[in-house]
Amino acid sequence: MTLDYRNAHLLLDSSSIQEGSVTWRSPSNLALIKYWGKHGQQLPRNPSISITLQEAYTLTRLSFRRREGVPSSAISLHLQFNGHPEPAFAERMSRFLDTLTEIFPFLRQLELDLDTVNSFPHSSGIASSASAMSALALCLCTLEQRFFGTLENREDFLRKASYIARLGSGSACRSVYPVIAAWGRHGSLDGSSDEYAIPAAHLAHPSFHTLRNTILIVSSKSKAVSSSAGHTLMDQHPYASVRYAQASQRLGQLLPVLRQGDWESFGQIVEDEALTLHALMMASRPSFVLMQPQSLSLIARIRQFRKETGHPVCFSLDAGPNLHVLYPEAASAPVEAFLREQCLPLCEQGAFIADRAGQGPSEE
Ligand code: PMV
């Protein structure tokens, strides 16, 4: 069954509109099984599952006041990013909000101000669309609830926020749930859907709830090829169908591993996934390489350290050269000493972000 959130009744009585604001803090997430390839309106070609981060987040305040005159079909939005106007980002957000006017018709009745701040440096190479889009989606659903009382039930609220976040940036739909979230239909995940993510923390062993994720910054430059261009290249990819089947299969393998707290198998699956993502990029036409020499050196060092010490540490990669190093809290002392001594010297000016599995978004 597909969800249809269009609702022409969500209109305000103009004379009663007061000014106000809503603020959400929402985190980024790291996919363990990757979403790469889409169709329709940001629908995934395969299911994915991710760790919700804690320290890499976006803080978004959406302020509103009555819009004078007859509302046009376009949204009226003013945007500040880290305290400054950011025309390209403002354009993307406006276009996104314009696509939502059948779901939130009241948006056309308001003057909107969006103030958004990232906890991580703008150019840290960390994808900010998941945190930014989920924060905005949560603000929009809160406005709906405040004006119309239609989303009182927490489950309905988060489901709608996840659905809206997905329309903004696919992977953003997973950021609305704490610790672990899954997106995309899968036979072993009850209630899973291509249209929104579902919470999955309860499926994981407690040792994954305190997972550490240190992000090693190899390069802070923006990516040469955007995620959306990469998704598009999957449409003609020679390995596409095998890849989509493999992702589902790996998700099926990961679920018992998460349940049992089997960090060794976890590392195998997560590393296979990260390298498969980059192999798909290299085998696209045109091909592209996002890893850098330091990414490969870091991978070699992490594997060597694991072999020598037996500590359950592994790596993942997003669509970029930076390494996400994953390990249980119990191993943090030796792993972090190793990262400081052997890995940070290979990072861009020694840059890293000490992150972990997080508690999900919060209304501020
Ligand atoms: O949500 P997008 O369109 O930015 O794509 C995200 C793609 C990956 O980060 C590489 C994988 C994922 O599942 O998050």
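Definitions and limits used
Residues numbered from 1 in each chain as written. Predicted model: local features only at pLDDT ≥ 70, side-chain atom pairs only at ≥ 80, totals over all residues. Heavy atoms only, no water. Phe/Tyr/Trp six-rings, centres within 6.5 Å; stacked < 30°, edge-to-face > 60°. Buried < 20%, exposed > 50% of the residue type's maximum accessible area, 1.4 Å probe, protein only. Near = heavy atom within 4 Å. Polar contact = N/O pair within 3.5 Å; in protein donor to acceptor, adjacent residues only side chain to side chain. Areas by Shrake-Rupley, 256 points an atom, 1.4 Å probe, with all protein chains shown as cover. Nonpolar A, V, L, I, M, F, W, Y, C, P; charged D, E, K, R; others polar. Domains from an automatic or database assignment. Contact = heavy atoms within 4.5 Å. Buried area = accessible area lost by both parts, 1.4 Å probe. Helix = DSSP H or I, 4+ residues; strand = E, 2+ residues; numbered from the N terminus. Disulfide = S-S within 2.5 Å. Pairing = 2+ DSSP bridges. Right-handed = clockwise from strand over helix to strand, strands pointing away. Axes fitted to C-alpha atoms, helices over the stretch in contact; angles between N-to-C directions. Core = buried A, V, L, I, M, F, W, Y, C linked by side-chain atoms within 4.5 Å. Parallel < 35°, antiparallel > 145°, perpendicular 65-115°, else oblique. Left-handed = near helix turned anticlockwise from the far one by under 90°.

Asks: What exactly am I supposed to notice about the packing of aromatic side chains here?
Replies: Aromatic ring pairs: the centre-centre distance and the angle between the two ring planes describe each pair. Scanning all chains against the criterion turns up 13 aromatic pairs. Where F104 meets F106, the ring centres are 5.8 Å apart and the plane angle is 70°; that geometry is what we call edge-to-face. Considering the side-chain rings of F147 and F148, the 6.1 Å spacing of their centres and the 85° angle between planes classify their relative orientation as edge-to-face. Of the residues examined, F147 reaches a relative accessible area of 23% and is grouped as partly exposed. Owing to a relative accessible area of 25%, F148 belongs among the partly exposed residues under this scheme. Through pairs of rings, three or more aromatic residues link up here, namely F64, F104, F106, F147 and F148.

Asks: Explain the site of the ligand to me, please; I cannot follow it from the model alone.
Replies: For the ligand, the set of nearby residues contains 13 residues, the closest of which are Y35, S169, S171, R174 and H231. At 3.2 Å, a side-chain N or O of S169 approaches an oxygen atom of the ligand. Side-chain polar atom of D318 to an oxygen atom of the ligand: 3.4 Å apart, as the coordinates give it. For the ligand, the accessible surface in isolation is 380 Å², of which the surrounding protein chains cover 92%. The class makeup of the residues in the shell around the ligand is five nonpolar, five polar and three charged. Two domains each donate at least three residues to the shell around the ligand, and these are domain 1 (14-203) and domain 2 (206-362).

Asks: Looking at this structure, I do not really get the domain arrangement of the chain. What am I missing?
Replies: Interfaces are often sized by the amount of accessible area the parts lose when they come together. Per the domain assignment, the segments making up the chain are domain 1 (14-203) and domain 2 (206-362). Computed over C-alpha atoms only, the centres of domain 1 and domain 2 are separated by 25 Å. Of the residues lining the interface, 43 residues belong to domain 1; the matching set on domain 2 comes to 51 residues. Between domain 1 and domain 2, a total of about 3,800 Å² is buried, with carbon and sulfur atoms accounting for 67% of that surface. Linking domain 1 to domain 2 there are 15 residue pairs in polar contact (both at pLDDT 80 or more). Every element with two or more residues in the side of domain 1 that touches domain 2 is listed here: β1 (20-33) and β4 (48-66). When residues in the side of domain 1 that touches domain 2 are grouped by element, the largest group, ten residues, is from β1. Partitioning the side of domain 1 that touches domain 2 into residue classes produces 24 nonpolar, 14 polar and five charged.

Asks: Hey, could you run me through the state of the cysteines in this one?
Replies: As used in these notes, a disulfide is a covalent bond between sulfur atoms, one from each of two cysteines. A full pass over the atoms with the stated rule returns zero disulfides. For the unlinked cysteine C173, the closest cysteine sulfur is that of C141, found at 13 Å. C173 sits in the buried class, given a relative accessible area of 0%. Just so you know, C347 is unpaired, no disulfide at all, and the nearest cysteine sulfur is the one on C343, 7.0 Å from it.

Asks: In this structure, what is going on with the pairing of strand β5 (residues 76-81)? I would like to understand it.
Replies: Put simply, side chains in a regular strand alternate between the two faces of the sheet. In the sheet, β5 pairs with strand β6 (residues 110-118) via six bridges, with the strands oriented parallel. The residue of β6 that forms the bridge with L77 is L112. With helix α1 (residues 87-98) bridging β5 and its parallel neighbour β6, the resulting β-α-β unit is left-handed.

Asks: Quick question: what am I supposed to make of the sheet that holds strand β9 (residues 212-216) here?
Replies: Neighbouring strands of a sheet are bound in pairs by backbone hydrogen bonds; such pairs are parallel or else antiparallel. The four strands are arranged β10-β11-β9-β12 in an open sheet whose pairing can be described as antiparallel. The open sheet terminates on both sides in strands that have one partner only, identified here as β10 (314-317) and β12 (352-356). Sheet twist, expressed as the mean angle between neighbouring strand axes with direction ignored, is 25°. Bridge count between β9 and β12: five bridges; the pairing is antiparallel. From the neighbouring strand, R212 faces β12, where its bridge partner is R356. Across the sheet, helix α8 (residues 293-309) is in contact with β9, β10 and β11 (323-327); its angle to β11 comes to roughly 15°.

Asks: Can you walk me through the side chain of Q42 in this structure?
Replies: Secondary-structure assignment places Q42 in the loop between β2 (38-39) and β3 (43-44). Within the structure, Q42 has its side chain in polar contact with the backbone oxygen of L167 (distance 3.3 Å). Residues in contact with Q42, not counting those within four places in the same chain, are Y35, R166, L167, G168, S169, G170 and W183.

Asks: Help me understand the nonpolar core, please; the structure alone is not making it clear to me.
Replies: Note on soluble globular proteins: their nonpolar side chains tend to be buried together. Judged by nonpolar contacts, the single largest core of 87 residues is most densely connected at I49 and F266. With ten residues, the single largest contributor to this core is helix α2 (residues 129-148). Here this core spans two domains, and each of domain 1 (14-203) and domain 2 (206-362) adds at least three residues to it. Discounting chain neighbours no more than four positions away, the residues touching I49 are L30, A31, L32, I33, I180, A181, A182, L251, L254, L255 and L258. The next biggest cluster of nonpolar side chains, apart from the first, holds 21 residues, and it includes V218, V335, L344 and C347.

Asks: Just checking my understanding: could you explain the packing of helix α6 (residues 240-260) against helix α7 (residues 263-282) for this structure?
Replies: Close contact between α6 and α7 brings their axes to 10 Å; oriented N to C, the two are set at 160°. Comparing the axis directions of α6 and α7 gives the class roughly antiparallel. Here the hand of the crossing between α6 and α7 comes out left-handed. Residue-level inspection shows R243, Q246, R250, Q253, L254, V257 and L258 of α6 in contact with α7, the latter providing S265, F266, I269, D272, E273, T276 and L280. Taken together, the residues of the contact of α6 with α7 break down into six nonpolar, four polar and four charged.

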